[in-house]
Amino acid sequence: MSDEFDQSALDYHRYPKPGKLEIKATKPLGNQRDLALAYSPGVAAACREIEKDPLAASLYTSRGNLVAVITNGTAVLGLGAIGGLASKPVMEGKAVLFKQFADIDVFDIEIEERDPQQFIETVARLEPSFGGINLEDIKAPDCFIIERALKERMGIPVFHDDQHGTAIVVNAAILNGLRAVGKDIGQVRLVTAGAGAAALACVDLLVEMGLAKENVTLTDIAGVVYEGRAEEMDPYKGRYAIATDKRTLAEAIEGADIFLGLSAAGVLKPEWLASMAERPIIMALANPVPEIMPDLAREARPDAIIATGRSDFPNQVNNVLCFPFIFRGALDCGASEINEAMKIACVRAIADLAMAEPSDIVRAAYGGHQLQFGPEYLIPKPFDPRLMEHLAPAVARAAMESGVATRPIEDLEAYRQTLSHRAYRTGMTMKPVFDQARIAPKRVVFAEGEDERVLQVAQQAVMEGIARPMLIGRPEVIGNRLGELGLSIRPDRDFDLIVPCENANFETHWTTFYDRVKRRGYAPDEAREYIRNDPTVLAATMVRCGDADAMICGIVGRYARHLKHVEEAIGTAPGVRRLTAMNAVVLRSGPLFIADTYVQADPSAEDLAEITRLCAAEVKRFGLVPKVAFVSHSNFGSDDSPSATKMTEALRLLRGQDPELEVEGEMHANLAFDAVGRQARFPESRLEGRANLLIMPNQDAANIGFNLLRTMNEGGALGPMLLGTAAAAHIVTPSISVRGLLNMTALAGVQAG
């Protein structure tokens, strides 16, 4: 690593505050009652329940979602026996990965103890604190002794990630490598470079999955592990000693189908690869420099499938694909251990996910590269958000079927959906909408049907059963892009392809559009050209004519242009004066809706009252009771500027129009969320608790506020939602993600219903 990179790493760990972790309270502690509930005397109630039933600890404490990452720092990757204190940055890093990828909380514990028995005694006494133990960076053979003893003594999962996490991901890569080359695991020969904890765990699990033990040859620093060898031997590697006259890796690799390297840089020479079997699998996993560099291996064996532990080459074998999710499944069903059945279930889930449809989020995270199962994409990437919803249920199912789950999960499909919601923070907010959309899927037409995001959304909409996609575009372009993206949907079978130049309803569409715009200065020829050449106009007119139930546009071009055509072709619903747009940000406390973000630049008091009614009705679609705050620089009449008095007048009008709506204002934005402060400032407030809908005095305030919150918040955003149209239509923005577009598809379908 360069000096510049080292300094960047040091700055990363030091600023803006030292370390990578902090502890945050999950409950409010803002007044005397909160204090009484959190500590004395309220805490006694929870203590008594746990005393009666120890399993209740998962209900009343964080134990059910808390893992200890524990080390003595005797085998830190690439650094060796640096001790507990020096290993703390590594353990904090592991904790961050648990939280980031599986929402599991972690305390890292560094123990300065190299005697295995003393280490065992220390860790075993921690059982009341944690739902699981992740052992990390402990040298062999101590790691075997420690893990076995702790598994016997403790009633919670104990998992040495260097052994089993590596084994699970390696097994998934080898399983898919064998799929790619068409070989049977029961027939192949495997040779290792390395016979330590990780290598032995990999081989043990491969044997569990069908690899013939007699087809395994271990090698280490002393050469082949053969019967009768005395040098550098222990009972663990001795289990794989074979009768052979071969003594070196160069000799042992002849005819091998798989090379598994968990040793040191450069130990595998390019000239040795010629003797391997046809289409060999080379797993060179030493870090940071592998046993052989991929370019050298590819030059020597162009037919080889190659994997490393590095992120700058294809097929990175990374433990983060495993440990967060195997613990997620184990914790959620209260598993007393992580057994072989759970490991194998995790292997198969990882391997199968790599063969699933590509993910747009993964592709975006990795420079736009197309990731499709094959020799250079054997296992998923770490940032694939589908890992949690695929792996954790598979692990939990295996735990239940093998009898180690103390809290069995009754509905695994419902559990999978909750995991999906954790992976996509907008998921819980959108769940009522998706559920409604599935009841009666509607025809949703996409104006920009050739866009890659639209094609991916079409695939997902079909899989989710939320809509019948209709794509406007050229058949050859859409066909080519479906192939490039590795998507399985096809025209007619899964979606309707609308080709403007071959539009069978052209006459109906152009005359319908012309009737709508002839008093706006459009000539008949112009109407025809718009239907032929502007997909937004065509999509809107299809909805107007009943040839589609809802439309989505805006992925390309300016919002105002799309809005003009939607207003022309579809128009406003009966009784609605003007359209409006609403966005939402998904906060930890729940969704927060904001209007008007895109349509009305400076709405009047009458407009604001109408905006509020439209937005409140839409908030109800999410299964929420609207709680509306009119926000301003003024606080309950403290200023008489035009924008403040406009908000006051809007509130007066709205209360006359909808007296049951929970709304208050005008107020400072902080009081919209601070019920105690609001009550102190204005005791007559008719708004209770936190507001979930903010009505802004103008578009500047709404758009700026939304984008600030979206930028600062990691939970995701929804919208813009176009409200007040005569039929379901939404204009998105060019920056929208595939997930955001899928959300809008579901919402459009529900509105059409």
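Now for a quick tour of the structure.

### Observations regarding unusual backbone geometry
Part 1 of the argument: In this structure, P141 follows A140 across a cis peptide bond, with omega equal to 0°.
Part 2 of the argument: Position of P141 relative to the elements: it lies in the loop between β3 (132-135) and α8 (142-153).
Part 3 of the argument: In this chain, N287 is followed by P288 through a cis amide linkage whose omega measures 0°.
Part 4 of the argument: Mapped onto the elements of the fold, P288 is located in the loop between β10 (281-284) and α13 (294-300).
Part 5 of the argument: One non-glycine residue, F636, adopts positive backbone phi at about 50°.
Part 6 of the argument: In this structure, F636 sits in the loop between β18 (627-631) and α27 (642-657).
Part 7 of the argument: Using a relative accessible area of 18% as the deciding quantity, one classes F636 as buried.

### What about the sheet that holds β3?
Part 1 of the argument: Here 4 strands make up an open sheet; going across it, the order is β2-β1-β3-β4 and the pairing parallel. Every other strand in the sheet has two partners, leaving β2 (105-110) and β4 (158-160) as the edge strands with one partner each. Strand-to-strand twist across the sheet, computed as the mean angle between neighbouring axes with direction ignored, equals 20°.
Part 2 of the argument: Note: β3 against β4, 3 bridges, orientation parallel. Within β4, the residue paired with I133 across the bridge is V158.
Part 3 of the argument: Sitting on the sheet, α8 touches β3 and β4, and the angle it makes with β4 is about 165°.
Part 4 of the argument: Contacting β1 (66-71), β3 and β4, helix α14 (residues 323-332) crosses the sheet at an angle of about 160° to β3.

### Focus: the sheet that holds β10
Sheets are built from strands paired through backbone hydrogen bonds, the pairs being either parallel or antiparallel.
Part 1 of the argument: Taken together, the 5 strands give an open sheet; going across it, the order is β6-β5-β9-β10-β11, and neighbouring strands pair in parallel fashion. Each end of this open sheet is capped by a strand with a single partner; those strands are β6 (216-217) and β11 (305-308).
Part 2 of the argument: Direction of pairing for strand β5 (residues 190-193) relative to β6: parallel, over a ladder of 2 bridges. When the bridges of β6 are listed, V191 appears paired with T217.
Part 3 of the argument: Sitting on the sheet, helix α9 (residues 161-181) touches β5, β9 (258-261), β10 and β11, and the angle it makes with β10 is about 160°.

### A closer look at the pattern of salt bridges
Side-chain pairing between opposite charges can occur once the charged atoms of the two side chains come close.
Part 1 of the argument: Tallying each qualifying case throughout the model produces 40 salt bridges.
Part 2 of the argument: Residues R438 and E464 are paired through a salt bridge, measuring 2.6 Å at the closest nitrogen-oxygen approach. Here E464 lies in helix α20 (residues 452-464) and R438 lies in helix α19 (residues 427-439), a separation of 26 residues in the sequence.
Part 3 of the argument: Note on R438: relative accessible area 31%, which makes it partly exposed.
Part 4 of the argument: A relative accessible area of 30% places E464 in the partly exposed class.
Part 5 of the argument: Notably, a salt bridge pairs D602 with K646, separated by 2.8 Å at the nearest N-O pair. Here K646 lies in helix α27 and D602 lies in the loop between β17 (590-595) and α26 (605-621), a separation of 44 residues in the sequence.
Part 6 of the argument: Relative accessible area serves as the criterion here: at 14%, K646 is assigned to the buried category.
Part 7 of the argument: Via salt bridges that share partners, K17, E22 and K24 belong to a single interconnected network.

### Considerations on the environment of E112
Part 1 of the argument: Summarising the element assignment, E112 is placed in the loop between β2 and α7 (116-124).
Part 2 of the argument: A relative accessible area of 54% means that E112 is categorised as exposed.
Part 3 of the argument: Considered as a pair, E112 and N72 are 40 residues apart in the sequence and their alpha carbons are 5.6 Å apart.
Part 4 of the argument: Those residues in contact with E112, other than ones at most four positions away along the chain, are G83, G84 and L85.

### Let's talk about the packing of α9 against helix α15 (residues 340-354)
Part 1 of the argument: It is at 9 Å that the axes of α9 and α15 come closest, and there the two elements cross at 45°. The angle between α9 and α15 places the two elements in the oblique class. Relative to α15, the crossing made by α9 is right-handed. Facing H164, I168, N171, A172, L175, N176 and R179 of α9, the residues of α15 in contact are K343, C346, V347, R348, I350, A351, D352 and A354.
Part 2 of the argument: In the contact of α9 with α15, the residues fall into 8 nonpolar, 3 polar and 4 charged.

### Focus on the packing of aromatic side chains
Part 1 of the argument: Evaluation of the coordinates by the stated rule reveals 12 aromatic pairs.
Part 2 of the argument: Ring centres 5.2 Å apart and planes at 55° place the aromatic pair F593 and F622 in the tilted group. Placement of F593 in strand β17 and of F622 in the loop between α26 and β18 is noted, with a sequence separation of 29 residues between them. Here the two residues F593 and F622 agree in accessibility, since each one is buried.
Part 3 of the argument: Consider the rings of F636 and F682, whose centres lie 4.4 Å apart with planes at 10°: the pair is stacked. Pair noted here: F636 is in the loop between β18 and α27 and F682 is in the loop between α28 (675-681) and β20 (693-695), with a separation of 46 residues, a long-range link.

### Some thoughts on helix α22 (residues 506-517)
Part 1 of the argument: For α22, which comprises 12 residues, the first-to-last C-alpha distance of 16 Å matches the rise-based estimate of 16 Å (1.5 Å per residue) to within 8%.
Part 2 of the argument: Those residues of α22 that sit buried are F506, H509, W510, F513 and V517. Down the axis of α22, the buried set is contained in an arc of 90°. They therefore lie on one face.
Part 3 of the argument: Along its buried surface, α22 packs onto α23 (524-533), α24 (535-545) and α25 (559-569).

About the criteria used
- Residues numbered from 1 in each chain as written.
- Predicted model: local features only at pLDDT ≥ 70, side-chain atom pairs only at ≥ 80, totals over all residues.
- Heavy atoms only, no water.
- Helix = DSSP H or I, 4+ residues; strand = E, 2+ residues; numbered from the N terminus.
- Buried < 20%, exposed > 50% of the residue type's maximum accessible area, 1.4 Å probe, protein only.
- Pairing = 2+ DSSP bridges.
- Axes fitted to C-alpha atoms, helices over the stretch in contact; angles between N-to-C directions.
- Contact = heavy atoms within 4.5 Å.
- Salt bridge = Lys/Arg side-chain N within 4 Å of Asp/Glu carboxyl O.
- Parallel < 35°, antiparallel > 145°, perpendicular 65-115°, else oblique.
- Left-handed = near helix turned anticlockwise from the far one by under 90°.
- Nonpolar A, V, L, I, M, F, W, Y, C, P; charged D, E, K, R; others polar.
- Phe/Tyr/Trp six-rings, centres within 6.5 Å; stacked < 30°, edge-to-face > 60°.
- Expected span 1.5 Å × (residues − 1).
- Arc of directions from axis to C-beta.

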